[in-house]
Every structure is written in C-alpha cells, then in structure tokens.
Amino acid sequence: MINSIKELINICSGEKRKYYLSVICGFLSVIFSIVPYYCTYKIITEFLASNYQVGTYIFIAVLGIIMRFVCFSISSYTSHKATADLLYNLRLDVLGKLEKLSLGVVMQNNSGYYKKLIVEDIESLEKFLAHHIPEVSSSLGVPIVVAILLFILDWRMALATVILIPIAYKILSGMMQGSEEKMENYSTSLMNMNFSLIEYIQGMMVIKSFNKTDAAINKIDSSVDSFKFHVLDWYRSCWKYMSGFAILIKANLLILLPVGGLLYLYGEADLSKVIFFFLMSFSFSVPLVKLGEFTDTMPMISQAYSQIKEFLSQEEFNDSKANVKLKNKSIEFRNVSYSYTDEKQVIKDISFVANEGKLTALVGESGCGKSTIAKLAARFFDVNSGEILIGGINIKNIPFQQLMDNISFVFQDTIIFHDTLRNNIKMGRPDASDKEIMRVAKLASCTELIEEKGLDTIIGGTDVKLSGGEKQRIAIARAILKDAPIIILDEATASSDAENQMEIQKAISNLAKNKTVLVIAHRLSTIENADKIIVLSNGHIKEQGTHSKLLLENGLYENMYTKYQESLSFKIRSKEVS
Ligand SMILES: Nc1ncnc2c1ncn2[C@@H]1O[C@H](COP(=O)(O)OP(=O)(O)OP(=O)(O)O)[C@@H](O)[C@H]1O
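Because the structure is predicted, anything quoted here is derived from the model rather than measured.

Caption draft 1: Representation of the UniProt feature "transmembrane region" (unreviewed entry) in the protein. Here the UniProt feature "transmembrane region" (unreviewed entry) sits at residues 20–44, 56–77, 144–169, 245–265 and 271–291. The span residues 144–169 is 92% helical and 0% strand by assignment, and the distance between its end C-alpha atoms comes to 15 Å. With 90% helix and 0% strand, the stretch residues 245–265 has end C-alpha atoms that lie 32 Å from each other.

Caption draft 2: The domain arrangement of the protein, seen in detail. One can read the domain layout of the protein as domain 1 (81–312) and domain 2 (331–577). Placing a centre on the C-alpha atoms of domain 1 and another on those of domain 2 gives a separation of 51 Å.

Caption draft 3: Quick peek at the layout of surface pockets. Each pocket or cavity is described by its volume, and for the largest pocket that value is around 1700 Å³. Around the largest pocket, the lining is made up of 39 residues, and of these Leu103, Phe380, Met404, Phe409 and Phe411 lie nearest the centre. Among the elements of the structure, α3 (55–100), α4 (103–106), α13 (370–377), α14 (400–406), β6 (407–410) and α18 (468–482) are those that each provide at least two residues to the lining of the largest pocket. Here the lining of the largest pocket gathers at least three residues from each of two domains, domain 1 (81–312) and domain 2 (331–577).

Caption draft 4: Up close: the sheet that holds strand β4 (residues 385–390). What the four strands build is an open sheet, ordered β2-β1-β4-β5; its pairing is antiparallel. The outermost strands of the open sheet, each flanked by one partner alone, are β2 (347–354) and β5 (393–394). By the bridge criterion, five bridges tie strand β1 (residues 331–338) to β2 in an arrangement that is antiparallel. Along β2, the bridge assignment pairs isoleucine 331 with alanine 354. Packing of α13 onto the sheet brings it into contact with β1, β2 and β4, and relative to β1 it is tilted by some 120°.

Caption draft 5: Here's a closer look at the site of the ligand. Lining the immediate environment of the ligand, one finds 15 residues, of which Lys344, Ser366, Lys370, Ser371 and Thr372 sit closest. One nitrogen or oxygen atom from the side chain of lysine 344 is found 2.6 Å from an oxygen atom belonging to the ligand. Between serine 371 and the ligand, the recorded distance is 2.7 Å, taken from a side-chain N or O atom to an oxygen atom. About the coverage of the ligand: the protein hides 66% of its 630 Å² of free accessible area. Of the residues assigned to the shell around the ligand, the class counts are four nonpolar, seven polar and four charged.

Caption draft 6: Representation of helix α8 (residues 179–202). Taking 1.5 Å of rise per residue, the 24 residues of α8 would be expected to cover 34 Å, and the 34 Å separating its terminal C-alpha atoms lies within 8% of that figure. When α8 is considered as a whole, its buried residues turn out to be Ser179, Met183, Tyr186, Ser187, Ser189, Leu190, Met193, Asn194, Ser196, Ile198 and Tyr200.

Caption draft 7: Representation of unusual backbone geometry. The backbone phi angle of serine 445 is positive, close to 55°, even though this residue is not glycine. With respect to the element layout, serine 445 can be found in the loop between α16 (434–443) and α17 (447–453). The exposure class assigned to serine 445 is buried, which follows from its relative accessible area of 11%. Positive phi, normally seen in glycine, also occurs at asparagine 554, with a value near 55°. Looking at where asparagine 554 falls in the secondary structure, it is placed in the loop between α20 (547–552) and α21 (556–577). Residue classification places asparagine 554 among the exposed positions, given a relative accessible area of 57%.

Caption draft 8: Region of the structure containing the sheet that holds β6. Taken in spatial order, the six strands of this open sheet run β6-β9-β10-β3-β11-β12, and their pairing is mixed. Looking at the sheet topology across the chains shown, the edges are occupied by β6 and β12 (540–545). Sheet twist, expressed as the average angle between the axes of neighbouring strands with direction ignored, equals 15°. Of the strand pairs in this sheet, β6 and strand β9 (residues 486–490) are connected by four bridges, and their pairing is parallel. When the bridges of β9 are listed, valine 410 appears paired with leucine 489.

Caption draft 9: A look at empty space enclosed by the protein. For the structure shown, the criterion picks out one cavity of 30 Å³ or more. Estimated volume of the largest cavity: approximately 60 Å³. A breakdown of the residues in the lining of the largest cavity according to their chemical character gives five nonpolar, two polar and four charged.

Caption draft 10: Region of the structure containing the packing of α16 against α18. Interhelical geometry of α16 versus α18 gives an angle of 125° and a closest axis separation of 9 Å. Put simply, α16 runs oblique to α18. Pair α16 / α18 crosses with right-handed handedness. Along the contact surface, α16 presents Glu436, Val440 and Leu443, while α18 presents Ala477, Ile480 and Leu481. Of the residues contributing to the contact of α16 with α18, the split by class is five nonpolar, no polar and one charged.

How each quantity is defined
- Residues numbered from 1 in each chain as written.
- Predicted model: local features only at pLDDT ≥ 70, side-chain atom pairs only at ≥ 80, totals over all residues.
- Heavy atoms only, no water.
- UniProt positions renumbered as here; feature names shortened; annotations may be inferred.
- Helix = DSSP H or I, 4+ residues; strand = E, 2+ residues; numbered from the N terminus.
- Domains from an automatic or database assignment.
- 1 Å grid on protein atoms, 1.4 Å probe; cavity = no way out; pocket = protein on both sides within 12 Å on 5 of 7 lines; lining within 4 Å.
- Points joined across faces, edges and corners; volume = space filled by probe spheres on them.
- Pairing = 2+ DSSP bridges.
- Contact = heavy atoms within 4.5 Å.
- Axes fitted to C-alpha atoms, helices over the stretch in contact; angles between N-to-C directions.
- Near = heavy atom within 4 Å.
- Polar contact = N/O pair within 3.5 Å; in protein donor to acceptor, adjacent residues only side chain to side chain.
- Areas by Shrake-Rupley, 256 points an atom, 1.4 Å probe, with all protein chains shown as cover.
- Nonpolar A, V, L, I, M, F, W, Y, C, P; charged D, E, K, R; others polar.
- Expected span 1.5 Å × (residues − 1).
- Buried < 20%, exposed > 50% of the residue type's maximum accessible area, 1.4 Å probe, protein only.
- Parallel < 35°, antiparallel > 145°, perpendicular 65-115°, else oblique.
- Left-handed = near helix turned anticlockwise from the far one by under 90°.

Here it is in structure tokens:
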C-alpha cells in the first residue's frame, strides 16, 4: 500500500504547484483552528488574574476562525481543481491505451470491467487526490507542531497527551491484515454488478421476448447482493479496529486529567497551563481522527489504482512508424495459425491468396473460423504463427494507420454512432462534401432514407432508430466513401429480408467494383461468381477453387451446395403450402 501511495503522489507531479498551495493552505487552516483554543486559554488566564481586558483575544479568536475558513476554502478549491484535471487526463490515458492495444486484448474484458475502470476506479482516486493529500498532510503536520509546543510547555502533561497515540495506530494497522483479498473480492463484485446491469439493459428485448425478466432480475439481484456482501465484509472487518482507534485517540483526557490535577495540586503547574493542555487535547485529536479515516479508505483506493496501473501497463500493439510501399493489393495467408485461448486452436496452418481486384469467398460451417480469418487480415489480432502479407509485405510491418487506409471492413454488427446521418457516413472520409455523400448514398441505396430524414437528422442512441438493413446500407456508404482498395465483408447480408437483401447486394456490388474483396458468405448463391472460394472446416482449408471446379470435385463444397439448394427448395415449397 505504501508503494501505491508513493505512486499516487507521483501522478500529482503534473499539478504540483496547485497541490503545494493546497497543502500549505490546509496546514494553515488547521493552525488557525487552534488559535481560538489558545485565545480561550489566554482569556481564562486573564480572568484568573482578575483582568477583564480581553477584547484583543476575542478579536484574534474571530480572526482565527475567519482565516481558517479562507485557508480551508483555498486548499479545497485548488486540490479539487488539480484533481479534476488529473482525472480528466487519466481517463484520456485509459482511452488512448484502448486505441494502442490490439482488439484481442481489449475484448478479453467485458463492458462491466471497462465501466468500472473508467468511471468508478478513476473516480475513487478523487478521495485521495482532492481530500487525503491536503487534509492528511496538514493532519500530520499540525499534531507534530502542537506536540513540540506542548513538550516545551510541560513535558509531563505533553507525554500524557500523546502516550495513547502509538497504541491507537497500532490497533488501526490490524485492519490491513487480509485487506488485499477483501479488496479484490470487492473489486470483482463491483465489476460483475456493472456487467450484469449493462447486459440486462442491452439484452432487455431478448429477455422480455423470452419472458425471462424474473431470471434476469434475479441475476442482477444476486450481483448487487454480492457487492453489498463484500462492502459490508470490509466494514465488518474494520469496525473493531476503527472503534478501538476512535476510543483511544480521544481518551488522552483520561490520562491528562489525573496527571494535570496532580501537578496542579503539588504546585508544579499553574491552573491556566493545565486548562490549556485540556483544551489542546481536544484540538489534538481532530486531525488524528482524519488520519484514521484515511487508513480506512486507502485499501479501496489502492486497489482501484493498481487496476488502472495494470491496464495502462499492458503490452501495446507493435506498430511500425514509416509507411511502406505495397506491391499490389492482394492478401496472402502463409501457414497461419491462431487461437484466442490456450484451450482451442481456431485457425490451423492456413495458406491462401486473395488476389488483387478479385473476389475471394470464405465458406464453411458455423464456428469454422471465417470471421477470425477476416479479423486477422485486418490485424485486429496478431497471428500465433505464420504470416499475413498485403501487397507482399507482412502486415506487422505496415503501420496500422496505413493498413486501415487500405482496408474497409463491413462488420457483422453494424455500429451506428449517436450523430447525424451526414457524420455517420462521413466517417469514411471526414472531408467529404454533401455532394459526395449523396453520390455514395445513391450507390449504397440510401438515397430514399436520406431524402426522407435529411442529412442533419441525429440517428442512433435514443433518437431516430434505423432498421438492420438501413444500418448496413449506411455502413456500406461509409465504406464506398472511404474507397479503400481492399474490402472485407463479414456477413454483411446476414440480417435482412428479401427486398433489403437485394438493395444490400446492389450496394455491395458497387462497393466491390475493382477491389480486392474477401467476403464471408452464408448464402452460397451470392458467391457463385467468386474468383475463388475457400472452403473451411474446423479451422482447416479443405478445398479451394471456383464454384464450378469445386462442384466437380464432389467434396465438402458440393455437399454444402446441394444442402443449400435443398434448403432453398424447401423454403419455396413452404411458401407454396402457406
Ligand atoms: N473473442 C473470442 N474469444 C474466444 N473464442 C472465440 C472468440 N471469437 C470466436 N471464438 C471462437 O473461435 C471459433 C471460430 O469463430 P468464428 O467467429 O471465426 O467462426 P465463424 O466461422 O465466423 O462462425 P459463424 O459463421 O457462426 O459466424 C469459434 O469456436 C468461436 O467460439
């Protein structure tokens, strides 16, 4: 934990002036808070000497209160301002890191993990940075200064005032035993609770349609319950140490009272000094209690920080800097193998070439690895062995930006951003004019949609909703506008009805003209004219060739095609019956 504290203090270096100001003002504010006690002591001393001219002390006491308020406000404002800037930058660092990690690493964690990391974990640092740093440093400084003053005045009463402090802190430190495991449980349960809530909201349609609301609510309920359990578990393990600490830290009066009384009775100390020590014993305990509160929350903050640190220290995507010259726009897989996890190899020693300007189709049973091949080609993951070349260059040696400039990926799940129709299409080329947008919209069969809604209409989120087919056509318009020489289509026609399919097919033909196309297809009818069909099974290439060549081979493709034809005629017969 000490290391985490040091590292957390280190991250403040960017805003150190503000933190110094905050600590100095925090320290002054606690010093000013002692002034009224001192004035009270002086007033009592004057009264005991039958001198009632105490106006100056009253004035100083009031001034002390005002100054304390002013210093505290400055300390609090500067530490909060510095913290807001630091947390903002830390969030940007996390988002920047997300960009620099390979998709494979990013996808290893669920949305609950990222929400916790970016929202809760970073926010929890606020307590340390904005409160603990100024308050704890002043809380530490003031008792030391006051203790020195007390020891100068009378070492016996000073010793009686401070003697319980080390015992109180020894008790408090017991709280740290087993704290790491508890904090890990707390952190995991918070992540699970976030994830189950996000999953419930995202999957609400499916949950309702399968009448599984009770089961989904029960799942959330148990994750909330588990979170509650781990929070309480931590506080349950803390309370005895916290109570022991709170009792001892304020119990100094119990020792000071007899010591001060005896010293007064034996004439070793005058009454005003004894009263001053009594008063100081109250003010002494306030900053020390603050230090105790710090100890209680620090394990949570330390755990959150170690999660952020772990995320930020992950190995970044190895990217080349200088653009390279590509001989052509072909894609070549050479003995490529890949596995997402240690348990299962998904792609097994695959070699094929998708030639420039030609259409290459990937077909095979569900789960045979088609989408994985498409994602490997765009370097969303790095291969375990073998190599992938574009234009004769290993894609690991092509800067990622250059690679992305050369590839348009039409994803299986089309993502529409909460923005205008115009900006959603312009993602393909940010400097495109409205005229160009309308041209690609026509090629992607989106003209009607745009004429009906207007380019300025906000789509996505809670605003205008689009159908699955409309979303896909917008994604294709984006890709046409980008005009990359290589197109990777991942099941772009999977979720549409017959009319939409025709529109989408037309849009794809426009997109694919004169490009190198790697397409994942389920409807074998759409790839009959492909220049090459790669037939996959269980991560292996079983056959490759043109449609007519593969049919003649009477192998896996012929079998798939026959079944596909049968399924079509079955559909037609079903329609005739109905
Ligand atoms: N992110 C992932 N982590 C772990 N395993 C994965 C991941 N994505 C896919 N897989 C596994 O890899 C295998 C190949 O998946 P892939 O999506 O490439 O198949 P596919 O042929 O495209 O399937 P489909 O036609 O059903 O979309 C499957 O067993 C799948 O469960």
